[in-house]
Amino acid sequence: RWAQVDNLKQIFQEIDESKANQVSIDELEEALATNKMSSFMESLGISTDDVWSLFLLLDADENGVIDLDEFVNGCMNLHGPAKSLQVAKMSFENKVTRQA
């Protein structure tokens, strides 16, 4: 588990090209376009088919960027079968619907 956390921290640093300790949707999209990043996320059981939904799920405080804690915690929560992303996406959509 700690090895995964360390790997996720390293991946975050690679995605964070601006070195601002936060990742934008554009940076995430660009990173997931590479085979290395996409393969790593898929190896964790995190689907990368829907980058926008993945970003929204990782952006816990909904400020439009993902910080290191959000990235690591979000990925650890989504870790598992690809269905985890689908369940989390449905949960997020329900939350948004209730707020409307």
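Residues numbered from 1 in each chain as written. Predicted model: local features only at pLDDT ≥ 70, side-chain atom pairs only at ≥ 80, totals over all residues. Heavy atoms only, no water.

1. Remarks on the overall build of the chain
So the rule is basically this: Helical segments are the DSSP runs of H or I of at least four residues, strand segments are the runs of E of at least two, and each set is numbered from the N terminus. The quantity called the radius of gyration is restricted to C-alpha atoms. Its globule counterpart is 2.2 Å times the number of residues to the power 0.38. The rule is simple: take the accessible area with a 1.4 Å probe, protein chains only, and divide by the maximum for that residue type; under 20% is buried, over 50% is exposed, in between is partly exposed. Contacts are residue-level and defined by heavy atoms, with any inter-residue pair within 4.5 Å sufficient.
Helices and strands together make up the secondary structure of the chain, namely six helices and two strands. Reading the chain from its N end, one meets helices and strands in the order α-β-α-α-α-β-α-α. A globule of 100 residues ought to have a C-alpha radius of gyration of about 13 Å, and the chain, at 13 Å, matches this closely. Its C-alpha atoms give the chain principal-axis dimensions of about 35 × 30 × 25 Å. Per-residue burial over the chain gives 41% buried out of 100 residues. Considering only intrachain contacts with a sequence separation of at least 6, the fraction spanning at least 24 residues in the chain is 57%.

2. Looking at the nonpolar core
Rules: Take the buried residues of types Ala, Val, Leu, Ile, Met, Phe, Trp, Tyr and Cys, join any two whose side-chain atoms come within 4.5 Å, and each joined set is a nonpolar core.
Leu 8, Ile 15, Leu 28, Met 37, Met 41 and Phe 71 are the most contacted members of the largest nonpolar core, which totals 28 residues. Sorting the residues of this core by element identifies helix H1 (2–15), helix H2 (25–32), helix H3 (35–43), helix H4 (51–58), helix H5 (68–78) and helix H6 (83–99) as the ones contributing at least two each. Apart from residues no more than four positions distant in its own chain, Ile 15 is found in contact with Val 23, Glu 27, Leu 28, Ala 31, Met 37 and Phe 71.

3. Focus: the side chain of Ser 53
Spelled out, the test is: Within 3.5 Å is the distance limit for a polar contact, defined as a pair of N or O atoms, with the added protein rule that one can donate a hydrogen and the other accept it, and that residues adjacent in sequence qualify only through two side-chain atoms.
With respect to the helices and strands, the residue Ser 53 is situated in helix H4. Within polar-contact distance, the side chain of Ser 53 engages the side chain of Asp 50 at 2.7 Å.

4. Looking at the environment of Asn 94
With respect to the helices and strands, Asn 94 occurs in helix H6. Among the residues examined, Asn 94 registers a relative accessible area of 44% and is labelled partly exposed. Sequence spacing of Asn 94 and Ala 33 is 61 residues, and the spatial spacing of their C-alpha atoms is 29 Å.

5. Brief notes about unusual backbone geometry
A positive phi angle is found at Lys 19, which is not glycine, with a value near 55°. The topology assignment puts Lys 19 in the loop between H1 and strand E1 (22–23). Its relative accessible area of 56% is what places Lys 19 among the exposed residues. Unlike most non-glycine residues, Glu 62 shows phi in positive territory, near 55°. Note that Glu 62 resides in the loop between H4 and strand E2 (66–67).

6. Overview of the environment of Ile 25
Positionally, Ile 25 belongs in helix H2. For the pair Ile 25 and Leu 54, spaced 29 residues apart in sequence, the C-alpha separation works out to 9.5 Å. Excluding anything up to four places from it in sequence, Ile 25 contacts Val 51, Trp 52 and Phe 55.

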